[in-house]
Amino acid sequence: MSDAVDPLDGVRPGERRSYWLREALATEPPELAAAAVAPQLTGRARVDVAIIGGGYTGLWTALAIADRHPDARIAILEADICGGGPSGRNGGFVTGWWDELPGLIHRFGETEAVRTARALDDAIDSLGPWCQAHGVDASLRGAGFLQVSAAPAQDDVWAEAVAACERVGEADRWTALTADEVAARVHSPVFRGGAFMPRAATIQPAVLARGLRRVALERGIAIHERTRVRGWSVPRGGGGGGPLILRTSSRRGAGRLEADQVVVAANAWAAAWRPFGSRLLTWSSYIVLTEPIPDRLEEIGWTGGEGIADGRFTLHYGRTTPDGRIALGGGGGRAGFGGRIGRPFTHDAGSARRAAEGLRRWFPSLAGVRIEDAWGGPIDVDDDHRPWFGTLPGGRVHFGLGYSGNGVAPSILGGRILAALATGHAADDEAASLPIVGDGATPRAFPPEPFRYVGARIFREALVRRESAEEAGRRPSRLARAVSGVPRRLGYHLGPE
Ligand SMILES: Cc1cc2nc3c(=O)[nH]c(=O)nc-3n(C[C@H](O)[C@H](O)[C@H](O)COP(=O)(O)OP(=O)(O)OC[C@H]3O[C@@H](n4cnc5c(N)ncnc54)[C@H](O)[C@@H]3O)c2cc1C
């Protein structure tokens with residue numbers, strides 16, 4: 001009987017906007033929500049900087065440019081509404097890069113790796129004061145991030161990073177916890193040891209996105225929502241010196257925006273554009289949300305507000321909300337084809353079900369708790385699993401992409417970097433001097449389509465089978481182990497060894 005019960009409780013992802021965004025829009029003053037304050041672009045317009053994408057990256061960039069140049073004419077072009085993409089529906093984990101320090105060191109050397117991880121911590125530290133200064137009540141809770149082992153195969157996945165933090169004199173940024181220390185924070189029959197990152201937080205992601213939008217509007221930044229950018233070009237006969245031209249479409253018709261500088265902040269959607277497509281894999285990620293269960297959180301001891309993730313590559317990640325719900329995501333989304341972002345990224349009940357199953361596995365005592373919502377979105381995975389920023393040949397189109405499902409904190413840094421690139425301050429800007437900027441940061445290309453899609457699908461199937469078997473205490477099949485290790489053997493930083 002219980003096998004027949006739908007872990008999603010009949011909830012169908014994709015039928016409405018995420019819980020976070022609905023909550024944020026419900027509390028927004030009607031005059032701010034009105035389409036008139038962020039009208040569709042029709043006809044012609046001229047700006048200094050045009051930003052494609054109204055998520056965190058685009059909005060932080062616009063604000064950082066306005067800080068530097070209050071008179072700059074800036075326009076954000078957003079195909080949906082600001083926060084309509086992953087910025088308004090992510091898990092709200094605000095995490096640093098200390099758990100990824102070995103990868104950063106491998107790529108950039110110890111000094112630059114540590115400088116980069118510290119810069120991200122500074123960005124995290126700036127979020128609370130920014131929200132406070134601008135009246136953005138995004139439920140920021142600086143309770144830290146806990147990685148746990150939820151199966152023997154995940155034991156000590158953090159050990160190398162913990163040792164690296166110790167070696168570089170940053171031992172307190174990412175510390176190992178015993179099973180008892182984990183249990184003191186949260187009881188789960190499957191949690192074993194863990195590691196803890198104190199300088200991390202959770203946030204209501206959509207309130208942050210919509211708050212950024214409000215502040216941008218207050219600063220005089222033009223926002224055109226429901227306006228899709230079809231492409232950009234340099235005008236003929238201008239000797240390459242005239243403004244770039246962005247062609248847009250919206251329900252109200254076509255538009256044309258001229259801009260001296262363009263910032264591409266389109267996340268996974270950029271995978272459809274030639275300069276970026278070969279280096280980005282699009283992947284779906286899904287989250288389920290329970291009904292409010294504050295008493296049950298007391299029972300399992302999860303009252304400290306930590307964000308938690310397990311040690312799978314297809315990780316599960318969970319956090320609590322101020323009204324005592326659990327939002328839990330992951331467990332293995334799916335790869336997209338050729339940068340097309342369609343229904344598999346929003347309507348895939350199978351992927352949402354895997355997130356719900358993760359919740360039941362972590363906390364079997366919550367089996368009767370109702371799932372009230374489920375939603376998904378695309379993530380832009382690159383080989384390095386961290387973003388890269390740069391400027392296309394020609395010097396006037398800048399981009400920040402490849403957050404790989406971890407963009408809430410890095411996009412703050414990204415906004416500063418992109419503002420420096422777009423205003424010609426890269427040479428004297430601390431953030432723009434980080435090694436995640438420029439040609440040296442370019443991630444390795446993936447194979448072309450259709451090989452990328454087919455390869456990613458086969459890899460994903462093998463990985464989910466392998467990690468599910470490991471969790472169930474079974475030995476994964478030789479085939480699942482061999483295939484899930486192929487990307488590593490080919491030199492990509494994806495999947496287990
Ligand atoms: C389910 C899920 C859970 C996640 N959880 C976390 C988490 O807990 N912590 C974390 O750090 N990260 C998480 N992430 C990743 C995080 O949400 C992203 O890295 C981050 O939001 C990236 O911000 P962005 O502004 O670059 O992209 P987006 O928020 O995607 O914004 C890009 C915008 O560009 C618009 N756009 C695209 N194409 C065009 C076009 N042609 N013209 C105009 N506009 C266009 C889109 O509509 C979109 O609004 C999660 C992602 C998902 C999907």
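Since we're looking at a predicted model, the values are computed, not measured.

What counts as what
Residues numbered from 1 in each chain as written. Predicted model: local features only at pLDDT ≥ 70, side-chain atom pairs only at ≥ 80, totals over all residues. Heavy atoms only, no water. Near = heavy atom within 4 Å. Polar contact = N/O pair within 3.5 Å; in protein donor to acceptor, adjacent residues only side chain to side chain. Areas by Shrake-Rupley, 256 points an atom, 1.4 Å probe, with all protein chains shown as cover. Helix = DSSP H or I, 4+ residues; strand = E, 2+ residues; numbered from the N terminus. Nonpolar A, V, L, I, M, F, W, Y, C, P; charged D, E, K, R; others polar. Pairing = 2+ DSSP bridges. Axes fitted to C-alpha atoms, helices over the stretch in contact; angles between N-to-C directions. Contact = heavy atoms within 4.5 Å. Buried < 20%, exposed > 50% of the residue type's maximum accessible area, 1.4 Å probe, protein only.

Engineer: How should the site of the ligand be read in this particular structure?
Structural biologist: Surrounding the ligand, one finds 36 residues, the nearest of these being Thr-57, Glu-78, Ser-87, Asn-267 and Val-408. Between an oxygen atom of the ligand and a side-chain N or O atom of Glu-78, the distance comes to 2.6 Å. One nitrogen or oxygen atom from the main chain of Gly-91 is found 2.9 Å from a nitrogen atom belonging to the ligand. For the ligand, whose free accessible area comes to 1,000 Å², the fraction covered by protein is 97%. Looking at the shell around the ligand, the elements with two or more residues in it are α3 (56-68), β9 (228-233), β12 (281-290) and β16 (371-381). Sort the elements by how many residues they give to the shell around the ligand and β16 lands first, with three residues. Classifying every residue of the shell around the ligand gives 17 nonpolar, 16 polar and three charged.

Engineer: Whenever I open this one, the sheet that holds strand β15 (residues 326-330) confuses me. Can you help?
Structural biologist: Within a sheet, neighbouring strands are paired by backbone hydrogen bonds and run either parallel or antiparallel to one another. Read from one edge to the other, the open sheet built from eight strands follows the order β5-β6-β4-β13-β14-β15-β12-β16, with strand pairing classed as mixed. Strands with a single pairing partner mark the edges of an open sheet, and in this sheet they are β5 (175-177) and β16. Direction aside, the axes of adjacent strands within the sheet are offset by 20° on average. In terms of strand pairing, β5 meets strand β6 (residues 194-197) through three bridges, oriented antiparallel. In the sheet register, Leu-177 faces β6, and the bridge partner there is Gly-194. Its contacts with the sheet place helix α11 (residues 349-362) against β12, β13 (307-310), β14 (316-320), β15 and β16, and it is angled at close to 120° to β15.

Engineer: I keep staring at the pairing of strand β10 (residues 244-250) and nothing clicks. Help me out?
Structural biologist: The side chains of a regular strand alternate, first on one face of the sheet and then on the other. Of all seven residues in β10, five are buried, a share of seventy percent or more. In the sheet, β9 pairs with β10 via five bridges, with the strands oriented antiparallel. Along β10, the bridge assignment pairs Arg-228 with Ser-249. Pairing of β10 with strand β11 (residues 253-264), which is carried by seven bridges, proceeds in the antiparallel orientation. Across the sheet, residue Leu-244 finds its bridge partner in β11, namely Ala-259. Between β10 and the antiparallel strand that follows it, β11, lie two residues.

Engineer: Can you walk me through the pairing of β13 in this structure?
Structural biologist: Residues Gly-307 and Ala-309 line one face of β13 and the alternating positions Ile-308 and Asp-310 line the opposite face, and both faces are buried. Taken together, the four bridges between strand β4 (residues 145-148) and β13 define a ladder with parallel strand orientation. Paired with Phe-145 across the two strands is Gly-307, which belongs to β13. Pairing analysis gives two bridges linking β13 to β14, with the strands arranged antiparallel. The residue bridging Ala-309 from the neighbouring strand is Tyr-317, located in β14. Here β13 folds back onto β14 in antiparallel fashion, the turn holding five residues.

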